[in-house]
Amino acid sequence: MTEHLHLGVALDGYGWHPEAWRHTPEPQPVTSGRYWAGLGRTAERGLLDFVTFDDALTAQRRRRPEIDSRWLAGRPDAVLVASRVAPVTNHIGLIPVATVTHTEPFHVSKAIATLDFISHGRAGWQVRVSGTPHEAELFGRRDVSGADLFDEASDAVEAARRLWDSWEDDAVIRDAATGRFIDRDKLHYIDFAGKYLSVKGPSITPRPPQGQPVVAALAHATPIYEFASRSADLVFITPQSDESLQAIIGEVAGLKVYADLYVTFDGVVDPRSDALVFDGTPTELVDLVLRWYQSGIDGVRLRPAVHATDLPVIVDEVVPLLQRAGRFRSAYTDGETLRERLGLPIAENRYTKVEQS
């Protein structure tokens, strides 16, 4: 637990209720850059640590292949959405979901590195796996039934981390006198060979400003807690009570821990939510958040039921209550990276350290 509570929000579609579109006045398309930019600026106005952008290999937030005509269907790519939000914000962290099953760590690593450059060190990555047959059929390469998807995800994250380190920080020299743009001795073949994949490297993208963008995972059960402990910097958990919170904290020791809460201030409840559903007032939410904070978590990630109505309440009512309680910042620190804000250590380059040893 840190001195001040950390607070983020999760964004998906029009909100975390599948029919949030019905409660959104004059909704812009979820494919609109202006829509996402507006949400990002609102969240930054509340001095939040970060926003996450949800994504999956499905058109709707469900594991079934059939499309439910009542639910929002269709989603833009989360990494590209975050890249759209980056230039219109200055401080808030940007953490898109990117799925590792069926995709290549080479592509994910350079996309997140690029986001880190665009945002000047504010990027993260929420890792997701895909385990359903209909999602596998989108790619047509293999059947994932029976696969240890989180073991495979650990390989993917390790390969991505090594690719981020494959350029030393001062590899680009731009020496006009000698005609050298790059010092080739400071690029490294990573030669990663795991159980599920092998990657030679180096990356085609220079080392990101943070060195290692923040890696996150959403975890509901022991195998995923173990994956997060192996591979992530922070974990989002979904306690259903004070008692279950204590049990989960014991399984994710050593990580930054954020508890997820589905939040509605207007009674737009989704009983299917995997996160605890909060339906009350801003004051009651603050009481719950502070109680959980005292139990040992680092922060909370709020999932607004309807972005258009619930996100402004979080920013304009919940945050001031936390500030008055002395548990939340009153301003951003200029030039702070997301790693620094979350209290993560400086990311040393493993290949530089090997050469110096």
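As the structure is a prediction and not an experimental result, all values here were calculated from the model.

Here the focus is the packing of helix 8 (residues 282-294) against helix 9 (residues 307-324). At a minimum axis separation of 9 Å, helix 8 and helix 9 run at an interaxial angle of 55 degrees. On the basis of their axis angle, the class for helix 8 and helix 9 is oblique. The hand of the helix 8/helix 9 crossing is right-handed. Where helix 8 abuts helix 9, its residues Pro282, Thr283, Leu285, Val286 and Leu290 lie against Val313, Glu317, Val318, Leu321 and Leu322.

Glancing now at the UniProt feature "binding site: FMN" (unreviewed entry) in the chain. The sites that UniProt annotates as "binding site: FMN" (unreviewed entry) are Asp55. The topology assignment puts Asp55 in the loop between strand 2 (50-53) and helix 2 (78-85). The exposure class of Asp55 is buried, given its relative accessible area of 10%. With near-sequence residues (within four places) excluded, Asp55 lies in contact with Arg75, Pro76, Asp77, Ala78, Val97 and Arg128. Engagement of the side chain of Asp55 in a polar contact is seen with the backbone nitrogen of Ala78, the distance being 2.9 Å.

What follows deals with the pattern of salt bridges. This structure, assessed with the given rule, holds 23 salt bridges. Note that Asp68 is salt-bridged to Arg70, the shortest N-O span being 2.8 Å. Exposure remark for Asp68: the relative accessible area of 14% places this residue in the buried category. Asp169 serves as the salt-bridge partner of Arg207, at 3.1 Å between the closest nitrogen and oxygen. Note that Arg207 is positioned in the loop between strand 8 (198-199) and strand 9 (214-219) and Asp169 in the loop between helix 5 (149-165) and strand 5 (172-175), a separation of 38 residues in sequence.

Our next topic: the packing of helix 1 (residues 33-45) against helix 2. The relative placement of two packed helices is expressed as an angle between their axes plus a distance between the axes. At a minimum axis distance of 9 Å, the contact between helix 1 and helix 2 shows a crossing angle of 65 degrees. Classified by the interaxial angle, the pair formed by helix 1 and helix 2 is roughly perpendicular. As for the relative orientation of helix 1 and helix 2, their crossing is right-handed in sense. Between helix 1, through Gly33, Arg34, Trp36, Ala37 and Gly40, and helix 2, the contact on the second element is made entirely by Val81, Arg84 and Val85. Residues that form the contact of helix 1 with helix 2 fall into these classes: four nonpolar, two polar and two charged.

By size, the foremost hydrophobic cluster in this structure holds 91 residues, and its most contacted members are Val9, Phe53, Leu94, Trp125, Leu261, Leu285 and Leu302. Sequence-distant contacts of Leu94, defined by excluding residues within four places in its chain, comprise Val51, Phe53, Ala82, Val85, Ala86, Thr89, Leu115, Ser119, Arg122, Ala123 and Gly124. Ranked by size, the runner-up nonpolar core spans 11 residues in total, among them Phe50, Leu234, Leu338 and Leu344.

Of note, Glu135 is situated in helix 4 (residues 133-136). Residue Glu135 is classed as buried on the basis of its relative accessible area, which comes to 8%. In contact with Glu135, other than residues within four places in its own chain, are Leu57, Thr58, His102 and Ser130.

Moving on to the packing of aromatic side chains. In the structure shown here, the tally under the stated rule is nine aromatic pairs. An angle of 75 degrees between the planes, with centres 5.1 Å apart, marks the rings of Tyr35 and Trp36 as edge-to-face. Just as Tyr35 is buried, Trp36 falls in that class too. For the ring pair Phe150 and Phe227, a centre distance of 5.6 Å and an interplane angle of 50 degrees mean the geometry is tilted. Remark: Phe227 occurs in helix 6 (residues 222-231) and Phe150 occurs in helix 5; sequence separation between them is 77 residues. For Phe150, a relative accessible area of 23% gives the class partly exposed. Residue classification places Phe227 among the buried positions, given a relative accessible area of 2%. Between Arg62 and the ring centre of Trp71, over which it is positioned, the NZ or CZ distance is 5.3 Å. Lying over the aromatic face of Trp16, Arg303 brings its terminal NZ or CZ to 4.8 Å of the ring centre.

Procedures and definitions
- Residues numbered from 1 in each chain as written.
- Predicted model: local features only at pLDDT ≥ 70, side-chain atom pairs only at ≥ 80, totals over all residues.
- Heavy atoms only, no water.
- Axes fitted to C-alpha atoms, helices over the stretch in contact; angles between N-to-C directions.
- Helix = DSSP H or I, 4+ residues; strand = E, 2+ residues; numbered from the N terminus.
- Parallel < 35°, antiparallel > 145°, perpendicular 65-115°, else oblique.
- Left-handed = near helix turned anticlockwise from the far one by under 90°.
- Contact = heavy atoms within 4.5 Å.
- UniProt positions renumbered as here; feature names shortened; annotations may be inferred.
- Buried < 20%, exposed > 50% of the residue type's maximum accessible area, 1.4 Å probe, protein only.
- Polar contact = N/O pair within 3.5 Å; in protein donor to acceptor, adjacent residues only side chain to side chain.
- Salt bridge = Lys/Arg side-chain N within 4 Å of Asp/Glu carboxyl O.
- Nonpolar A, V, L, I, M, F, W, Y, C, P; charged D, E, K, R; others polar.
- Core = buried A, V, L, I, M, F, W, Y, C linked by side-chain atoms within 4.5 Å.
- Phe/Tyr/Trp six-rings, centres within 6.5 Å; stacked < 30°, edge-to-face > 60°.
- Lys NZ or Arg CZ within 6 Å of the ring centre and 35° of its normal.

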